[in-house]
Amino acid sequence: MGASKVVTRFAPSPTGYLHIGGARTALFNYLFARAHGGEFRLRIEDTDRARSTEPAIAAILDGLGWLDFEWDSDVVYQFARAARHAEVAHQLLANGHAYRCYATAAELEEMRAAQRAAKQPLRYDGRWRDRSDWPNDLPYVIRLKAPQEGSVTIDDLVQGSVTVANAELDDMVLLRSDGTPTYMLAVVVDDHDMGVTHVIRGDDHLNNAFRQLALIRAMQWPEPLYAHIPLIHGSDGAKLSKRHGALGVNEYRDQLGMLPEAVENYLLRLGWGHGDDEFISRAQAIAWFDLAGVGRGPARFDMKKLENINGHYIRAADDARLVALIDSRVAQALGRDLNDTDRAILQRSMPELKKRANNINDLATGSVFYLRSRPIPMDDGASKLLASAAPGMLASARALFAAIPDWTAIQLEEQARALAETSALKLGQVAQPLRAAVTGSSQSPGLFEVMETLGRDETLGRIDDALALIEA
RNA sequence: GGUCCCUUCGUCUAGCGGUCUAGGACGUCGCCCUUUCACGGCGAAAACACGGGUUCGAUUCCCGUAGGGAUCACCA
């Protein structure tokens, strides 16, 4: 290939949402293309008309967009190219590299049953391979006349050299009896027509590659390079499937509150490494990524680690961006829309808030107490703290705070420390009940900073509410 | 079952014949910081699946065994 430009493609079938495994395949294709100054193309494999749906296509594009894997040129829709696929099949038929097979579904099932009974490998026996006594008016499929002798070797960029004997491969169907192309035909034709040079996909396609190569050779087309990457497994070691922990990437965003750069970083490190580096930016990934470094064994998905990485990126994220991300969640918790004052409070508190969250949900949950209207709800921990507070402490603190000339965290803390001193209490015995009163929780960002942010009236009011609660 | 692939701490990985008393990260546990929870810092426990070779020398190379995975459609 030498000077030829690298072209990769991501080819999901729109029968469901873009799941995490597909996202990783897309990432590797994207990275490889960018690393080589090539093109990253997108093809929607919608030839399965019964299972392909518009919402799924939208979800895939949405997911890719969220992860910011920008593709080149137009999206190719495979179904629209059916005529071209059929054309190739007929071309093969004409030049003797394919043949008509009139075997019926029932007949083939019978054949397989016999093979099963005889403990023989299940494969098409080539019963129509050399016949020409074609019955009239009967439906037939077009099968590839694949080589039966010798073997095929693929120098896979990830799996290494893999060899399969041609005797193991049967003559696959190219065109169905209704004239529509099979997946095997469609991928090969599309990859060729799109100029794909590197086929990077899940290793569940490794076996397919050998049959596809036979088709490519029959057409005398240039052979692409293959890279079959291992699938992702669930935490229990079983293959990740739709009903087994494999969420759509949209769900990582909407339900789990993940940041796209965190998902990308995690996916990159799953099955690939660069020395001891853990946090790798997009630019570094493009510079460092190589197929040879991709592991050959399947990796287990670890939500704990993803959470941790997500927390890292949240802490590194711009405060305004985080405020925007929690907006709707906070609004829902509050039961009302946020206004500019609310957002200003969140923005101001964000540096402290984001240290305490590993996902956007928790970030939102940990933020709402600032904006709740009085009297704010008390959680269990807060109720206990108030119940066990030293008698009169809250009232004393309230009086001290009310007399402060400048409502600043520093002065508030001074007063709290003074109160602890004179009452022979530990600072915690003063601060914790106050925290409960002011935040409704036993844990929060620095108490005095919170009180400063809340302001004199709101803080004093919340303490009054707590006082009323204790007396009740 | 046939074919193909894989096998380093619980998990993701570094290691590409000697630097390995095997490194990092997540998780776990302990300590520090501290008004709480976090963040941060320090530290601990924790792995080369097993058996043969090759070699002066194997985590690294080869072969078996065991275990795991993928695939065997007129689905993609």
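These remarks concern the structure in this document.

## What to know about unusual backbone geometry
Backbone phi values are negative for most residues with the exception of glycine, while trans is the configuration of most peptide bonds. That bond from Arg374 to Pro375 is cis: its omega, -10°, falls within 30 degrees of zero. Relative to the elements of secondary structure, Pro375 occurs in the loop between helix H13 (360–365) and helix H14 (380–387). Located in the positive-phi region is Lys119, a residue other than glycine, with phi close to 55°. Structurally, the position occupied by Lys119 is in the loop between helix H4 (105–117) and strand S5 (141–144). Its identity is not glycine, yet Gln220 carries a phi of approximately 60°, on the positive side.

## Focus on the pairing of strand S7 (residues 160–165)
Here strand S6 (residues 151–156) pairs with S7 via six bridges, running antiparallel. Counted as the bridge partner of Asp155 is Ser161 from S7. Here S6 folds back onto S7, and the loop between the two strands holds three residues.

## Focus on the nonpolar core
With 98 residues, the main nonpolar core has Ile20, Leu268, Phe289, Phe301 and Phe401 as its most contacted residues. Sorting elements by how many residues they give to this core places helix H1 (residues 20–35) first, with nine residues. The contacts of Phe301, once residues within four sequence positions are left out, are Ile20, Ile232, His233, Gly234, Ser235, Leu240, Tyr252, Tyr266, Leu270 and Leu306. Among the nonpolar cores identified, the runner-up in size contains 36 residues, and Val88, Ala98, Leu174 and Met194 belong to it.

## Structural notes on the sheet that holds strand S8 (residues 173–175)
With respect to topology, three strands assemble into an open sheet ordered S4-S5-S8, the strand pairing being antiparallel. Looking at which strands have only one partner, the edges of the open sheet turn out to be strand S4 (98–101) and S8. Between one strand and the next, the sheet's axes are offset by a mean angle of 45°, whatever the strand orientation. Where S4 and S5 come together, four bridges link them in antiparallel fashion. Note that in S5 the partner of Cys101 across the bridge is Val141.

## Digging into the packing of aromatic side chains
Scanning the model with the defined rule gives 10 aromatic pairs in all. Measuring from ring centre to ring centre gives 5.7 Å for Tyr30 and Phe40, while their planes differ by 90°; the resulting arrangement is edge-to-face. Taken together, the residues span a long stretch of sequence, with Tyr30 in helix H1 and Phe40 in strand S2 (residues 39–44) at a distance of 10 residues. Given a relative accessible area of 0%, Phe40 falls into the buried group. Take Tyr30: its relative accessible area is 7%, and that puts it in the buried class. Among the aromatic residues, those joined into a ring-pair cluster are Phe28, Trp272 and Phe289. It is Arg100 that lies over the ring of Trp134; its NZ or CZ is 4.3 Å from the centre. Lying across the ring of Trp128, Arg131 places its NZ or CZ 3.6 Å from the centre.

## Description of helix H2 (residues 54–67)
Note on helix geometry: an α-helix contains 3.6 residues per turn, so any two residues three or four positions apart are oriented the same way. With 14 residues, H2 should cover 20 Å at 1.5 Å per step; its first-to-last C-alpha distance of 20 Å lies within 8% of that length. Of the positions making up H2, those classed as buried are Ala56, Ile57, Ala59, Ile60, Gly63, Leu64, Trp66 and Leu67. A distance of 3.1 Å separates the backbone nitrogen of Ala56 from a side-chain oxygen at the start of H2, and that oxygen is part of Thr53. Phi turns positive one or two residues past the end of H2, at Asp68, with a value near 65°.

## Focus on the layout of surface pockets
Taken as a whole, the largest pocket encloses approximately 1,000 Å³ of empty space. Looking at the largest pocket, it is lined by 40 residues, and the ones nearest its centre are Pro12, Ser13, His19, Asp204 and His205. Of all the secondary structure elements, the ones that give two or more residues to the lining of the largest pocket are strand S1 (7–10), H1, helix H5 (183–193) and strand S9 (198–202). Considering each element in turn, the lining of the largest pocket owes the most residues, six residues, to H1. In terms of residue class, the lining of the largest pocket is made up of 16 nonpolar, 14 polar and 10 charged.

Scoring rules and cut-offs
- Counting from 1, residues in each chain are numbered in the order their sequence is written.
- The naming scheme follows written order: chains are lettered A onward, ligands numbered 1 onward.
- Under the rules for a predicted model, residues below a pLDDT of 70 receive no local features and side-chain atom pairs below 80 are neither given nor counted, while totals for whole chains, interfaces and linings still include all residues.
- Values reported for side chains reflect all heavy atoms of the structure, with hydrogen atoms and water molecules removed beforehand.
- We count a stretch as a helix when DSSP gives it H or I for four or more residues in a row; a strand needs E for two or more, and each element gets its number in order from the N terminus.
- Should DSSP find at least two bridges between two strands, the strands are taken to pair.
- Take the buried residues of types Ala, Val, Leu, Ile, Met, Phe, Trp, Tyr and Cys, join any two whose side-chain atoms come within 4.5 Å, and each joined set is a nonpolar core.
- The classification of residues rests on relative accessible area computed with a 1.4 Å probe and restricted to protein chains. Under 20% of the type maximum is buried, over 50% is exposed, and intermediate values are partly exposed.
- The contact definition used throughout considers only heavy atoms, calling two residues in contact when any of these lie within 4.5 Å.
- Only the stretch in contact is used when fitting a helix axis, every axis being a line fitted to C-alpha atoms; angles between N-to-C directions are given from 0 to 180 degrees.
- By convention, a stacked pair of Phe, Tyr or Trp rings (six-membered ring in the case of Trp) has centres within 6.5 Å and planes under 30 degrees apart, an edge-to-face pair has planes over 60 apart, and any other such pair is tilted.
- Only when the NZ of Lys or the CZ of Arg is both within 6 Å of the ring centre and within 35 degrees of the ring normal is a charge said to sit over the ring.
- One less than the number of residues in a helix, times 1.5 Å, gives the span that helix is expected to have.
- Residues adjacent in sequence count toward polar contacts only when both atoms are side-chain atoms; beyond that, a polar contact is any pair of N or O atoms within 3.5 Å, and within protein one must be able to donate a hydrogen and the other to accept it.
- Each cavity reported here is a set of points on a 1 Å grid over the protein atoms alone in which a 1.4 Å probe fits but cannot get out, each pocket an open set with protein on both sides within 12 Å along at least five of seven lines, and each lining residue one with an atom within 4 Å of a point.
- Grid points are joined across faces, edges and corners, and a volume is the space filled by probe spheres set on the points.
- Gly counts as polar in this scheme, as do all residues outside two lists: the nonpolar Ala, Val, Leu, Ile, Met, Phe, Trp, Tyr, Cys and Pro, and the charged Asp, Glu, Lys and Arg.

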